[in-house]
Amino acid sequence: MEILYRILSAAILMFMAAACYRELPFPDDEEEASVETLPAWQKGYLDIHHISTGRGDCTFMILPDGTTMMVDAGDLGSRTYTQEIMSRIPFSSRTPGEWIVRYVSNYLTEAGLDSKHLDYLMVTHYHNDHIGTPSDYSIPSTNGKYQMTGVSYVGNFLNIDEIVDRDYPDFSYPTTAALQTNEVENYKEYLKDRVEKDGKVTKFKVGTDSQFVLKHAPADFPTFSIRNIYSSGTIWTGEEDKTKSVVPAGTDLSQHANENLWSSVINLQYGDFDYHCGGDILGGYSDWRNVESAVGALIGETDVYNCDHHAYSDAMNSDVISLTTPQVFVIPVWDYFHPEPEPLVRMLDTKLYPSDRLVFAAGLVESNRIRLLEDGQKIQPDGHIVIRVYEGGSTFQVFVVNDRTTTFDVVHKSEKLTSNK
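Within each chain, residue numbers correspond to sequence positions counted from 1 in written order. Given that this is a predicted model, residues contribute local features only at a pLDDT of at least 70 and side-chain atom pairs are listed and counted only at 80 or more, while totals for whole chains, interfaces and linings are drawn from all residues. To get the side-chain values, all heavy atoms of the structure are used, and hydrogens and water are removed first.

So, the sheet that holds strand 9 (residues 224-231)
For step 1, the next point in the chain: DSSP-based pairing: two strands are paired if at least 2 bridges between them are found. Only runs of H or I of at least four residues qualify as helices and only runs of E of at least two qualify as strands under DSSP, and these elements are numbered from the N terminus. Reading across from one edge, 11-10-9-12-13-14-15-16 is the order of the eight strands in this open sheet, with mixed pairing throughout. Taken across any chain shown, the strands that pair with only one partner, and hence form the sheet edges, are strand 11 (243-245) and strand 16 (358-362). Taking each pair of neighbouring strands and ignoring which way they run, the sheet shows an average axis angle of 20°.
For step 2, the next point in the chain: Direction of pairing for strand 14 (residues 304-306) relative to strand 15 (residues 328-332): parallel, over a ladder of three bridges. Pairing of Val304 across the sheet is with Val328, part of strand 15. Angular values range over 0 to 180 degrees, each being the angle between N-to-C directions of two axes fitted as lines to C-alpha atoms, with helices fitted over their stretch in contact.

Section: the environment of His117
For step 1, the next point in the chain: In this structure, His117 sits in strand 4 (residues 117-123).
For step 2, the next point in the chain: Between two residues, a contact is recorded if the distance between any of their heavy atoms is within 4.5 Å. If we skip the residues at most four places from it in the chain, His117 touches Thr68, Leu108, Leu158, Asn159 and Asp161.
For step 3, the next point in the chain: A polar contact of 3.1 Å, which involves the side chain of His117, links it to the side chain of Asp161. Pairs of N or O atoms within 3.5 Å make up the polar contacts considered here, provided that, within protein, one atom can donate a hydrogen while the other can accept it, and that residues adjacent in sequence are counted only when both atoms are side-chain atoms.

Topic: the packing of aromatic side chains
For step 1, the next point in the chain: Two rings from Phe, Tyr or Trp (for Trp, the six-membered ring) form a pair when their centres sit within 6.5 Å of each other. Planes less than 30 degrees apart are called stacked, planes more than 60 degrees apart edge-to-face, and all others tilted. One pass over the structure, following the stated rule, counts 20 aromatic pairs.
For step 2, the next point in the chain: With a centroid separation of 4.5 Å and 20° between ring planes, the pair formed by Tyr153 and Phe157 is classed as stacked. Separated by four residues within a single helix, Tyr153 and Phe157 lie in helix 5 (residues 151-157), roughly one turn from each other.
For step 3, the next point in the chain: Exposure categories follow from relative accessible area, calculated using a 1.4 Å probe and restricted to protein chains: below 20% of the type maximum is buried, above 50% is exposed, and the middle band is partly exposed. With a relative accessible area of 40%, Phe157 lands in the partly exposed category.
For step 4, the next point in the chain: Aromatic rings pair up to connect Tyr126, Tyr168, Phe171 and Tyr187 into one cluster.
For step 5, the next point in the chain: One Lys or Arg, Arg88, reaches over the ring of Tyr137 and ends 3.8 Å from the middle of that ring.
For step 6, the next point in the chain: For a Lys NZ or an Arg CZ to count as sitting over a ring, it must be within 6 Å of the ring centre and within 35 degrees of the ring normal. In this structure, Arg357 packs its charged tip against the face of Tyr353, placed 3.8 Å from the ring centre.

Here it is as structure tokens:
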């Protein structure tokens, strides 16, 4: 009986303990539960992701009807630099192209879209941090005579309907010799393989607003458009699809091999919202090469400005800043010199325009933030920078997604901002 009594007593105690029991999370569980992620894209939103890989530029967009677009996919390769550059992030175990594909596939899946499909990929110009270059960690393609790096990696693992290139198929502007580089030859081999498999490649057409169009429900979003502003020495006039050359007649183009000068430029508009994407156009000249000022005069007031040439010393001049008065600057970063002190001073200068502005960096070399002193502290927390424009384009918000992990957690977000009219 005593044994039975003990068993019954133990059972009663266990029942009472279970009734009062509340499962407490382990510290890791509690931390995971508190992680905020970007709410999934939905129809009507315009999402612009500035992807931070530490090795070059990549901008990925989901347009209001679910049309998808990428601008550039860079990979610096293994070249050494005299100053600090970012490592491959989030981890060096994979190439930048691999991280780009994983990032894009994640957000396409969350949006309920095809995780392996892009409607457009636009190449602004032919530098390695925008198209990729062969290196000791590149993966050889089994489909052609090229290494999978940057654009060519993305093109092998995402199904791209159309690649829009600044000088396809000639690759001769400003001169053929200027484009005979290792990264260009590798990229051309990729395009050759793509075309042989009936993949579409077209040349960027300046002035038009019908090259990048909504493919799924354009009638639902009549205020959305993408205008091609500039490329390869030709600029839109601001009237219909008319263009003109910025290069004076008789200019010896062989003396102007700087590939940045010829970058393709687009301007997105969605209702009251405007977004500038200009590759590496320059503004540090007093002659026709100051493309920035000419572009700024055309596009005018702009809500989000993706900084030209990484806000390096020869870009983001006073003219373009005062002409476009951005609410938000986004700096694509991989180098110690992104941004330089002088462009950052100009971007923060309330004498150029008085209204508030926020500065974000898609990645950042911490030693540069320190070098920039007080202005460096005014750059918001860095990471993948996501611009979410809400339905109709009247409001938008900036999210910073952690670029040092694979959890896609949001580490910072702005208040909702009202688009300029």
